Amino acid sequence: MDKLRITGGRTLQGEVTISGAKNAALPELCAALLTAEPVMLTNVPRLRDVATMRHLLDNMGVKTETHGQRGGVSLHAADSLTAEAPYELVKTMRASVLVLGPLLARFGHARVSLPGGCAIGSRPVDQHIKGMQAMGAEIAVEHGYMVARLGGGRTRLQGARITTDMVTVTGTENFLMAATLAQGETVLENAAQEPEITDLAEMLIAMGAKIEGHGTSRIRIQGVDQLHGCTHQVVADRIEAGTFLCAVAATGGEVLLRHGRADHLDAVIEKLREAGAQIESGSDEQGLFIRVRASGRLKAQSFRTTEYPGFPTDMQAQFMALNCIAQGTSTVTETIFENRFMHVNEMVRLGARIQTDGKVAVVEGRERLSGATVMATDLRASASLVIAGLVADGETIVDRIYHLDRGYDQMEEKLRGIGADIERVK
């Protein structure tokens, strides 16, 4: 099992190219199920979750191919597919539930295993089932599978008004894809507003879908008879960009994040600026960028995670790592997922002073951390431990980095390219 060996104490200097967003690429790979024509995605990140999703689609009969070095992936979902997602392929990644909507919309039936994934909290699929039922599907949970078919002798899903009990990103994506081929108009109330959903909607529009309001809490979709192929570039990963921003803020230095989207990171950038980091954004002949500079000890910042455009739960652990060596005491409140403080015990092994009570963590900043062997428990926890290792005295070993590989494209190579002393060891 691979590990990362990190020797802390180096400032970071140079440029990093931000990869395509995992949370956009996964639903966009599934969107290829909506048409019998070829679809080309570019800027697809090289991640374990992407490989898992491609394996799932291959298993259904979708032909997928990699093209070139720029993250090109072509997909061709012909009419002779198997509309089933088996447990063996779904258990490792909860995003596999995203095949449910496209399969129902195009083929009228689906058999999808209940998903697995990270251990950061329960993420029930009841909202997905509720929305599909509103569109005329009959869904039963049998032997660990969601077995879905069109009800009432229908040949297509029906447009509906869907209001979820909570804001759900994958639910919004599933309904959005399903509604593109439904009969009539679908209105999604309380829709998630993440940039990855906007990117998915733009891809669907390029395929011939009629969508309005994406990026807001109310999305309108007018169903069409069929969609066609398209070429689409996956949006840059805001969480990867935010992770590098926190790393530079913690270690000091100056780094330019090539293709970083500052407009997708307002809440994180605001907190980093209040902490004392200098951040600017712009564009040049190579496209958008974010530049971050930091020196000396920054000021601790309290924050509360909320749905987009608030402070993202996927940045909570990374910013907590910064707070661990910042001046002052901060309060971190996690409102999205239970069990998302599992990195705290590992941070404490590095010398951090953190106390938790339910959804609240109180962090007392220290001048330095000390290297130790720590264990990653989930994707973003992995990134937080890497940041902590970059500023800790001595050597830090981060174990179980297969979590990191699920969502970061060659993170240790990118960090080494800007001056970090980090290597992957077997």
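The sections below set out a description of the structure shown in this document. A quick note: this is a predicted structure, and the numbers were derived from the prediction, not measured.

### Here we look at the pairing of strand β13 (residues 218-222)
So, step 1. Side chains of β13 alternate between two faces, with Ile219 and Ile221 buried and Arg218, Arg220 and Gln222 left unburied.
So, step 2. The pairing of strand β11 (residues 185-189) with β13 spans 5 bridges and is classified as antiparallel. Bridged to Glu189 within β13 is Arg218.
So, step 3. Sheet analysis places strand β12 (residues 210-212) next to β13, joined by 3 bridges and oriented antiparallel. Bridge assignment links Glu212 to a residue of β13, and that residue is Arg220.
So, step 4. Taken together, β12 and the strand that follows it, β13, pair antiparallel across an intervening segment of 5 residues, in which Gly213 is found at a positive phi of about 90 degrees.

### Structural notes on the side chain of Ser96
So, step 1. Checked against the element boundaries, Ser96 lands in the loop between α3 (87-90) and α4 (100-107).
So, step 2. For Ser96, a relative accessible area of 0% puts it in the buried group.
So, step 3. In terms of polar contacts, Ser96 uses its side chain to reach the backbone carbonyl oxygen of Met93, at 2.9 Å.
So, step 4. Apart from the residues lying within four places of it in its own chain, the contact partners of Ser96 are Met53, Leu56, Leu89, Val90 and Val112.

### Describing the nonpolar core
So, step 1. Counting residues in hydrophobic clusters, the biggest one holds 76 residues, and the most contacted among them are Val99, Leu176 and Leu204.
So, step 2. The leading source of residues in this core is helix α1 (residues 22-31), at 6 residues.
So, step 3. Residue contacts for Leu204: discarding those within four places in its chain leaves Ala31, Leu34, Leu176, Met177, Thr180, Ala209 and Ile211.
So, step 4. Judged by nonpolar contacts, the second largest core, of 69 residues, contains Ala236, Cys246, Ala372 and Ile418.

### A few points about helix α2 (residues 48-60)
So, step 1. Counted at 1.5 Å a residue, the expected span for α2 with its 13 residues is 18 Å, and the 19 Å between its end C-alpha atoms agrees.
So, step 2. What α2 keeps buried is the set Asp49, Val50, Thr52, Met53, Arg54, Leu56, Leu57 and Met60.
So, step 3. Two residues or fewer after α2 comes Gly61, characterised by a positive phi angle close to 110 degrees.

### What to know about the side chain of Arg238
So, step 1. Relative to the assigned elements, Arg238 resides in helix α8 (residues 238-251).
So, step 2. Here Arg238 falls in the buried class, since its relative accessible area comes to 9%.
So, step 3. A distance of 2.8 Å separates the side chain of Arg238 from the side chain of Glu196, its partner in a polar contact.

### Thoughts on the sheet that holds strand β1 (residues 3-7)
So, step 1. Taken in spatial order, the 4 strands of this open sheet run β23-β25-β1-β26, and their pairing is mixed. Strands with a single pairing partner mark the edges of an open sheet, and in this sheet they are β23 (373-375) and β26 (421-425). Each neighbouring strand pair of the sheet contributes to a mean axis angle of 20 degrees, computed without reference to strand direction.
So, step 2. Direction of pairing for β1 relative to strand β25 (residues 395-399): antiparallel, over a ladder of 4 bridges. Residue pairing across strands places Thr7 opposite Glu395, the latter belonging to β25.
So, step 3. Strands in contact with helix α12 (residues 379-391) are β1, β23, β25 and β26; relative to β1, the strand with the most contacts, it is inclined by about 30 degrees.

### Comments concerning the sheet that holds strand β20 (residues 353-357)
So, step 1. The strand order across the open sheet formed by 4 strands is β18-β19-β21-β20, and the pairing between neighbours is mixed. One side of each edge strand has no neighbouring strand; the edge strands of this open sheet are β18 (303-304) and β20.
So, step 2. Across 2 bridges, β18 lies against strand β19 (residues 329-333) in parallel orientation. By the bridge assignment for β19, Phe303 is matched with Val332.

### Some details on the pattern of salt bridges
So, step 1. The final tally for this structure, using the stated rule, is 30 salt bridges.
So, step 2. Residue Glu395 is joined to Arg5 by a salt bridge in which the shortest nitrogen-to-oxygen separation is 3.6 Å. Linking Glu395 in strand β25 with Arg5 in strand β1, this pair joins segments that are 390 residues apart in sequence.
So, step 3. For Arg406, the salt bridge is made with Asp49, and the minimal N-O distance between the two is 2.9 Å.

Basis of the calculations
- Residues numbered from 1 in each chain as written.
- Predicted model: local features only at pLDDT ≥ 70, side-chain atom pairs only at ≥ 80, totals over all residues.
- Heavy atoms only, no water.
- Buried < 20%, exposed > 50% of the residue type's maximum accessible area, 1.4 Å probe, protein only.
- Helix = DSSP H or I, 4+ residues; strand = E, 2+ residues; numbered from the N terminus.
- Pairing = 2+ DSSP bridges.
- Polar contact = N/O pair within 3.5 Å; in protein donor to acceptor, adjacent residues only side chain to side chain.
- Contact = heavy atoms within 4.5 Å.
- Core = buried A, V, L, I, M, F, W, Y, C linked by side-chain atoms within 4.5 Å.
- Expected span 1.5 Å × (residues − 1).
- Axes fitted to C-alpha atoms, helices over the stretch in contact; angles between N-to-C directions.
- Salt bridge = Lys/Arg side-chain N within 4 Å of Asp/Glu carboxyl O.

Remember that the coordinates give geometry; whether it matters functionally is a separate question.
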